[in-house]
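Summary of the model geometry
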Amino acid sequence: MEVSTWSPARSQSDGKGSKDELIVTFDKGRTARILILPALFDEANKLRRFTLTVMRALDEMGIDSALPDWPGCNESLAALEAQTLEGWRADALQAAQSFGATHCLSIRAGALLAPTQLSGWQYAPLDGPKLLSAMLRARMIAAREAGQSETREDLLERGRAEGLTLAGWPLGAPLVRALESAALNAAPAQTVIDQSAVGGAGLWLRAEPDENTDQATALAQIVAQDLAGQTGEEA
Amino acid sequence: MSSKPIVSNAFAADTATDTPLRVVSADTATASTEERLKSILSDVLGLDADDAQSLTLDSGLFGHLPELDSMAVAGLLTEIEDRFDIVIEDDDVDGEMLETFGGLLAFVEARMSPDVSAIASDQG
């Protein structure tokens, strides 16, 4: 495993992009190279260890992988509120090209960023409206607990106009607007892997981050077997 | 309503196998609403089968468990919507509903679709 940096796609002049972001790679120059598109926001934290465990398992199965940070996420110096869905999609494509990815594996709402040009897999994909809805609900529950009353309609109206902080994540207006209608990519070459295929309950549900080696290994095995099948067909 | 497990292995079987999350009809036939709700709470709180079965109607939830913050509750409600195939309106979400396991269970039972309730009462 190596931690290095990569350069996202966007120009630096508007202050929205970033020069360097971190990237975790398992890179031994092998044939199969998978770009990992991590879950977003709260789920990104809850699934971080799971995601790395999947990558370790893929490495043991002879598959390279790369997990980039997007601008505004994790260690990034760029502001989250300046990020857009389109910007992240361009970054994802750039990351795929610079890593030389042959496939992509998205996790939950990471599917919203997956380059449609790449074949691969979407693990338990989550669309924009559902992602946004859960975050709005969290904000309303917290507000109620604090003795305030906020409605979904008022919050969304404000979010569309000036951005909104949801569950601690400051989202800019363009990102709120994009998430409201962000459907899952109809990428025919990307296979959806349901949680039922991995077994047990998804770790994004956990109130506190947890890990599960069995689930991570199961997901990596599905990917590896699928890859072996594709290689067999080509041969 | 008893808080004792009806079938002691029902919970373990539900979570340990690769039972699809969204096959509501199969769940309905084999486990009570209480068992199914315990299963979801176990997935959120990371409880094992024994811990889950020790949940009673009086067990405190939101405001009693520090790890059950607003984001975790939002995820819990979304999962309840998916697995029970019900809609939880924003106005439904209040302190009483979220404070105890019994409060949450009463809400879910009230929200189950009328035809399912009718079948259940016919059987009872």
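Everything below is about the structure printed above this text.
For the structure given in this document, a descriptive report is provided here. Treat the numbers as computed from the prediction; the structure is a model and nothing was measured.

Some points on the overall build of chain B
Summing up its helical and strand segments, chain B has eight helices and zero strands in all. Along the chain direction, N to C, the helices and strands of chain B fall in the order α-α-α-α-α-α-α-α. Looking at the 124 residues of chain B, the share that counts as buried comes to 31%. Sequence-distant contacts in chain B: of pairs separated by 6 or more residues, those separated by 24 or more amount to 73%.

As for the pairing of strand β6 (residues 119-123) of chain A
Residues and elements named next belong to chain A. Taking burial as the measure, the five residues of β6 include four buried ones, the bulk of the element. Two elements, strand β5 (residues 103-107) and β6, share five bridges in a ladder whose sense is parallel. Along β6, the bridge assignment pairs H103 with S119. The pairing of β6 with strand β9 (residues 190-193) spans four bridges and is parallel. Paired with G120 across the bridge in β9 is Q190.

Concerning the sheet that holds strand β3 (residues 33-37) of chain A
Residue and element names in this part refer to chain A. The sheet built from seven strands is open, its strands ordered β1-β2-β4-β3-β5-β6-β9 with mixed pairing. Strands at the two margins of the open sheet, each flanked by one partner only, are β1 (2-6) and β9. Pairwise comparison of adjacent strand axes, ignoring direction, gives a mean angle of 25° for this sheet. Bridge analysis of strand β2 (residues 21-26) against strand β4 (residues 64-68) gives four bridges, and the strand direction is antiparallel. Bridging from a neighbouring strand, V24 pairs with L67 of β4.

What to know about the packing of helix α3 (residues 33-45) of chain B against helix α5 (residues 70-84) of chain B
All names here are of chain B. Contact pair α3 / α5: the axes reach a minimum separation of 10 Å and the direction vectors enclose 145°. Of the two elements, α3 crosses α5, and the hand of that crossing is right-handed. Only A72, G75, L76, E79, I80 and R83 of α5 make contact with α3, whose side of the interface consists of R36, I40 and V44. Of the residues that constitute the contact of α3 with α5, the class distribution is five nonpolar, one polar and three charged.

A look at helix α3 (residues 85-99) of chain A
Note on helix geometry: an α-helix contains 3.6 residues per turn, so any two residues three or four positions apart are oriented the same way. Residues and elements named next belong to chain A. In this model, α3 (15 residues) spans 21 Å end to end at C-alpha, consistent with the 21 Å of a helix rising 1.5 Å per residue. Within α3, the full set of buried residues consists of G87, W88, D91, A92, A95, A96 and F99. Elements that come into contact with the buried residues of α3 comprise β1, β3, β4 and β5. Once α3 ends, the next one or two residues include G100, with phi positive near 70°.

Let's talk about the packing of helix α5 (residues 152-162) of chain A against helix α6 (residues 173-180) of chain A
Each pair of packed helices gets described by two things: the angle between the helix axes and the distance between those axes. All names here are of chain A. Where α5 meets α6, the closest approach of the two axes is 6 Å, and the angle between their N-to-C directions is 125°. On the basis of the axis angle, α5 is oblique to α6. On α6, the residues that touch G159, R160, A161 and E162 of α5 are A173, V176 and R177. Considering only residue class, the contact of α5 with α6 consists of three nonpolar, one polar and three charged.

Focus on the pairing of β2(A)
Pairing of β1(A) with β2(A) involves five bridges; the strand directions are antiparallel. For A:S4, the partnering residue across the bridge sits in β2(A) and is A:I23.

Quick notes on the interface of chain B and chain A
If you look at the interface, chain B gives 22 residues, while chain A gives 22 residues. Within the residue set of the side of chain B that touches chain A, elements represented by two or more residues are α3 and α5 of chain B. Broken down by element, the residue count for the side of chain B that touches chain A peaks at nine residues, all from α5(B). Among the residues making up the side of chain B that touches chain A, the classes are represented as 11 nonpolar, six polar and five charged.

The rules we used
The residue numbering used here restarts from 1 in each chain and proceeds along that chain's sequence as written. Chain A is the first chain written and ligand 1 is the first ligand written, with later ones labelled in order. Reporting in this predicted model follows two pLDDT cut-offs: at least 70 for local features of residues, and 80 or more for side-chain atom pairs to be given and counted; totals over whole chains, interfaces and linings ignore these cut-offs and use all residues. Under the scheme used here, helices are H or I runs from DSSP no shorter than 4 residues and strands are E runs no shorter than 2 residues, and both carry numbers assigned from the N terminus. Buried, partly exposed and exposed are defined by the number of other C-beta atoms within 10 Å of a residue's own C-beta, namely 20 or more, between the two limits, and 12 or fewer respectively, with C-beta atoms placed from the backbone. What counts as a contact here is a pair of residues whose C-beta atoms, placed from the backbone, lie within 7 Å. Here a strand pair is declared whenever DSSP counts at least two bridges between the two strands. With axes taken as lines fitted to C-alpha atoms, and helix axes fitted only over the stretch in contact, angles between N-to-C directions fall between 0 and 180 degrees. Left-handed describes a crossing in which the near helix is turned anticlockwise from the far one by less than a right angle; the clockwise case is right-handed. Residues are grouped as follows: Ala, Val, Leu, Ile, Met, Phe, Trp, Tyr, Cys and Pro are nonpolar; Asp, Glu, Lys and Arg are charged; every other residue, Gly included, is polar. Multiplying 1.5 Å by the residue count of a helix minus one yields the expected span of that helix. In what follows, roughly perpendicular refers to angles from 65 to 115 degrees, roughly parallel to angles under 35, roughly antiparallel to angles over 145, and oblique to any angle outside these ranges.

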